[in-house]
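Here is how the chains run, residue by residue.
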Amino acid sequence: MVRSHPFKYLFGYASPKIATLFILAILMLMGLDYLNIRQLRQVYEKHLRIYHHINLKDLEKIQEPRKVTCSTCPNYWLYAPHADSGYLEHVVKVFEKIGYMRGDRDSKWDVLWSYNYPFVKLQSILENLASHQKVNHFPGLGHITNKGSLVASNFSYIPKAFRMPEQKEEFLMETKKHTDKLWVEKSNLHRGIRIIPLQELELSSRGTFLQEFITHPLLIDGRKFDIGVYTILTSIKPLRVYIYEEEVILRFCSQEYYPFDPTNVKKYVVADDYIPTWQMPSLQTAYNHMKYSHKQSLNFYLQTHGHHPEKLWFQIKNAIQELFLMKELELIKYGANYKSTRNFFELVRFDFVVDEDVKVYLMEVNMSPNLSSEHLPPNRNIYQQVVFNTLSLVGVAKKIVKNEENRFNEASEMLVNERDIQIYPAHCIENCTSCDIKTCKLCGHCLSARLKPVLEEAFLEHVNRGNTRRVVPQPMGQQDMQQYQPLEDSGLTEANQLMAWWFRGKCLQDAAWCI
């Protein structure tokens with residue numbers, strides 16, 4: 001039986017050789033077409049790349065980057081060395097999020113955020129500020145942030161210190177009385193801190209001071225640590241001071257404290273290479289797993305080790321209160337050189353250490369504290385929250401858009417009106433027939449043109465305080481307020497007395513004002 005070739009019916013003939021040759025020819029042609037298409041595609045892509053390269057280069061030559069503008073947006077001026085290097089990234093980000101455009105000294109800026117103390121190089125500008133302009137520093141705050149000035153304050157929360165060479169003799173007498181004490185040498189000009197043997201101390205070097213070393217610090221996992229508390233000064237006459245209540249910065253020494261070696265500063269000085277909370281074994285469960293804050297994690301540790309966190313935070317708040325009240329007159333003196341101190345606010349960080357008895361010591365107050373998370377990215381949320389809450393507290397982060405006639409509309413009745421600030425109705429109506437009585441100065445019919453905006457500003461701070469809480473004037477519960485008499489033998493200036501008395505009145509109206 002003769003088998004038919006499979007291509008017989010396809011091609012109309014029966015020769016298998018011819019059919020096979022035909023198929024091979026078709027395949028060769030298809031291969032050549034594929035190669036040609038591939039080559040054409042490569043040529044096309046090459047020319048496409050060249051075209052786009054030339055086109056983009058031409059565009060770069062003739063077209064400048066578009067600058068986004070906003071005629072109704074407020075502006076901020078960032079005044080800092082190497083401002084765009086990244087260490088102020090979170091400041092920039094917060095300003096952008098709250099609707100501010102970045103300007104410069106020649107723009108109609110509304111907020112100046114300066115990294116350095118600006119009252120020397122920018123003095124002529126800062127002496128002539130418009131009422132709506134805000135600046136993130138207070139004149140004279142160096143009396144609090146300068147190390148030498150701070151240790152000379154005779155302040156109960158600061159370890160005993162002596163300025164050299166002015167207090168050389170007093171220091172020598174102290175060392176004779178307490179031969180077991182260790183001393184650290186500090187300088188106003190740099191951050192270097194180290195324990196130096198008594199016989200090697202330089203007692204004639206100007207600009208240095210010797211401070212008692214806290215020899216029995218509270219340790220966590222064998223490491224010494226400090227607590228950074230962000231603090232905002234909003235007014236000096238009267239004094240109003242707030243802290244960022246929600247969170248703190250915890251920084252642990254890079255090496256364990258024991259066995260103690262005074263020549264090894266890594267054991268007792270918190271440096272830039274500090275260990276963060278999330279790497280500390282005793283805090284990892286609370287912070288990493290349970291998602292508690294630094295502050296809550298510390299509170300949990302203290303409670304589980306027989307300590308009372310409330311004792312710690314009471315001392316910290318009290319230290320901040322006392323220091324600002326102590327330096328108040330010096331701040332007022334420097335502020336008198338300016339048209340109004342209502343243009344200024346200040347964000348600082350108080351750094352504390354704690355001994356094994358949970359006694360608090362203030363180490364320093366940092367002007368322009370670190371707000372960069374470059375080395376520790378998880379801290380970025382803290383820094384952004386601190387900046388946002390600060391700007392919100394002082395009225396920079398607003399929900400009302402400015403206009404050309406009234407740039408920030410500070411006294412807008414949508415935010416606060418004269419009825420919001422009234423207190424003590426029975427006292428004002430029944431007893432204040434004369435405005436000469438001190439407590440009557442807060443009554444509506446006696447309010448001066450100077451005092452009224454002060455109360456409005458205090459009202460707005462309370463409304464906008466976010467996660468900050470007031471420490472000056474000192475908050476109290478409603479029951480305590482019943483007995484509180486700030487105008488009688490309080491030791492406060494009259495401006496501070498009236499401010500405290502006003503907060504007392506608001507507290508009696510609404511418990512939310514008590515804290």
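This one's a predicted model, so the numbers in the text were calculated from it and none came from an experiment.

Overview of the sheet that holds strand 6 (residues 183-187)
Thinking step 1. In spatial order, the strands read 5-8-6-7; together these four strands make up an open sheet with antiparallel pairing. Looking at which strands have only one partner, the edges of the open sheet turn out to be strand 5 (161-164) and strand 7 (194-195).
Thinking step 2. Two strands pair when backbone bridges link them, and strand 6 and strand 7 are joined in this way by two bridges, in the antiparallel orientation. Looking across to strand 7, one finds that Val184 is bridged to Ile195.
Thinking step 3. The strands touched by helix 7 (residues 168-177) within the sheet are strand 5, strand 6 and strand 8 (208-212), with strand 5 carrying the most contacts at an inclination of about 140°.

Comments concerning a nonpolar patch on the surface
Thinking step 1. The grouping of Tyr117, Val120 and Tyr334 at the surface amounts to a nonpolar patch, some 290 Å² of accessible area in total.
Thinking step 2. Tracing the backbone shows Val120 in the loop between strand 3 (111-114) and helix 4 (123-126).
Thinking step 3. A relative accessible area of 63% places Val120 in the exposed class.

Details of the state of the cysteines
Thinking step 1. Under the defined criterion, the tally for this structure stands at four disulfides.
Thinking step 2. With its sulfur 1.9 Å from that of its partner, Cys428 forms a disulfide with Cys443. Its S-S torsion of approximately -80° makes the covalent link between Cys428 and Cys443 left-handed. Of this pair, Cys428 sits in helix 12 (residues 425-431) while Cys443 sits in the loop between helix 12 and helix 13 (451-463), and the two are 15 residues apart along the sequence.
Thinking step 3. Overall, Cys428 belongs to the buried group, its relative accessible area being 12%.
Thinking step 4. Disulfide pairing is shown between Cys432 and Cys440; the S-S distance is 1.9 Å. Classification of the bridge connecting Cys432 and Cys440 rests on its S-S torsion, roughly -80°, and on that basis the disulfide is left-handed.

Some thoughts on helix 7
Thinking step 1. Within the sequence span of helix 7, burial applies to Phe171, Glu174 and Thr175. For helix 7, the angular spread of the buried residues around the axis is 100°, confining them to a single face. More than 90 degrees from the buried face of helix 7, the exposed residues found are Glu169, Met173, Lys176 and Lys177.
Thinking step 2. Structurally, helix 7 contributes buried residues whose contacts are with strand 5, strand 6 and strand 8.

Quick look at the packing of aromatic side chains
Thinking step 1. If you walk through the whole model with that rule in mind, you get 30 aromatic pairs.
Thinking step 2. Relative to Tyr79, the ring of Trp77 lies with its centre 5.5 Å away and its plane at 65°, an arrangement referred to as edge-to-face.
Thinking step 3. Through pairs of rings, three or more aromatic residues link up here, namely Tyr76, Phe95, Tyr100, Trp113 and Phe345.
Thinking step 4. Positioned above the aromatic ring of Trp501 is the side chain of Arg504, whose terminal nitrogen or guanidinium carbon lies 4.8 Å from the ring centre.

Quick word on the confidence of the model for the protein
The predicted coordinates ought not to be read in detail in places where the model reports low pLDDT.
Thinking step 1. Across the protein, pLDDT averages 85, with 80% of residues at or above 70.
Thinking step 2. Counted against residues more than four places away or in other chains, residues 404-411, with its pLDDT under 50, gives 17 contacts.

What to know about the sheet that holds strand 1 (residues 75-79)
Thinking step 1. The strand order across the open sheet built from four strands is 2-1-3-4, with neighbouring strands paired in parallel fashion. Looking at strand neighbours, the two that pair on one side only are strand 2 (101-103) and strand 4 (134-135), the edges of this open sheet.
Thinking step 2. With three bridges connecting them, strand 1 and strand 2 associate as parallel partners. Of the residues in strand 2, the one forming a bridge with Trp77 is Gly103.
Thinking step 3. Of the strands in this sheet, strand 1 and strand 3 are in contact with helix 3 (residues 89-97), which crosses strand 1 at around 175°.

Digging into unusual backbone geometry
Most of the time, phi is negative for any residue but glycine, and the peptide bond is trans.
Thinking step 1. Here the bond from Met164 into Pro165 is cis, since omega is 0°, no more than 30 degrees from zero.
Thinking step 2. With an omega of 10°, the peptide bond running from Lys237 to Pro238 counts as cis.
Thinking step 3. Tracing the sequence through the fold places Pro238 in the loop between strand 9 (225-236) and strand 10 (239-244).
Thinking step 4. The phi dihedral of Asp221 falls on the positive side, at around 55°, and the residue is not glycine.
Thinking step 5. By secondary structure assignment, the location of Asp221 is in the loop between strand 8 and strand 9.
Thinking step 6. A positive phi is found at Lys291, a non-glycine position, where the angle reads about 65°.

Some words on the packing of helix 8 (residues 281-289) against helix 9 (residues 294-304)
Packed helices, taken two at a time, are described by the angle their axes make and the gap between the axes.
Thinking step 1. The geometry of helix 8 relative to helix 9 is characterised by a closest axis approach of 9 Å and an angle of 125° between their N-to-C directions. One finds that helix 8 runs oblique with respect to helix 9. Taken as a pair, helix 8 and helix 9 cross one another with a handedness that is right-handed. Residues Ser282, Leu283, Ala286 and Tyr287 of helix 8 lie in contact with helix 9, whose contacting residues are His294, Ser297, Phe300 and Tyr301.
Thinking step 2. A per-class count over the contact of helix 8 with helix 9 returns five nonpolar, three polar and no charged.

A closer look at the pairing of strand 1
Thinking step 1. Among the five residues that make up strand 1, four are buried, leaving the element largely enclosed by the rest of the structure.
Thinking step 2. With respect to chirality, the unit in which strand 1 leads through helix 3 into the neighbouring parallel strand 2 is right-handed.
Thinking step 3. Of the pairings in the sheet, the one linking strand 1 to strand 3 comprises four bridges and is parallel in character. In the strand pairing of strand 3, Tyr79 is matched with Ser114.

Conventions adopted
Counting restarts for each chain, with residues numbered from 1 along the sequence as it is written. Only residues with pLDDT of at least 70 are given local features in this predicted model, and only at 80 or more are side-chain atom pairs given and counted; all residues enter the totals for whole chains, interfaces and linings. Think of the side-chain values as coming from all heavy atoms in the structure, minus any hydrogens and water. Strands are treated as partners if at least two bridges between them are detected by DSSP. Counting from the N terminus, the helices are the DSSP runs of H or I reaching at least four residues and the strands are the DSSP runs of E reaching at least two. A contact between two residues is defined here by any heavy atoms of the two lying within 4.5 Å. A fitted line through C-alpha atoms serves as each axis, taken over the contacting stretch for helices, and the angle formed by two N-to-C directions is quoted from 0 to 180°. The patches described consist of residues with a relative accessible area above 30% and no salt bridge, like charges being joined within 9 Å and nonpolar side chains (Val, Leu, Ile, Met, Phe, Trp, Tyr) within 5 Å. Accessible surface area values rest on a Shrake-Rupley calculation with a 1.4 Å probe, where residue burial reflects the displayed protein chains alone. Every case where a carboxyl oxygen of Asp or Glu lies within 4 Å of a side-chain nitrogen of Lys or Arg is listed as a salt bridge. The buried label applies to any residue whose accessible area, calculated with a 1.4 Å probe on protein chains only, is under 20% of its type's maximum; exposed applies above 50%, and partly exposed to all values in between. When two cysteine sulfur atoms lie within 2.5 Å, the pair is treated as a disulfide. Summarising the geometry, the arc corresponds to the directions from the helix axis toward the C-beta atoms. The pairing test for Phe, Tyr and Trp rings, Trp by its six-membered ring, is centres within 6.5 Å, and the orientation test on the planes gives stacked under 30 degrees, edge-to-face over 60, and tilted for anything in between. In this scheme, the term charge over a ring applies when either NZ of a lysine or CZ of an arginine sits within 6 Å of the ring centre and within 35 degrees of the ring normal. The predictor attaches a confidence to each residue, called pLDDT, with possible values from 0 through 100. Angle categories are assigned with fixed cut-offs, so that under 35 degrees is roughly parallel, over 145 is roughly antiparallel, 65 to 115 is roughly perpendicular, and the rest are oblique. For any helix crossing, the convention is left-handed if the near helix is rotated counterclockwise from the far helix by under a right angle, and right-handed if that rotation is clockwise. In this classification, the charged set is Asp, Glu, Lys and Arg, the nonpolar set is Ala, Val, Leu, Ile, Met, Phe, Trp, Tyr, Cys and Pro, and all remaining amino acids, among them Gly, are polar. Crossover handedness is defined here as right-handed if the route from the first strand over the helix to the second strand goes clockwise, with the strands pointing away from the viewer.

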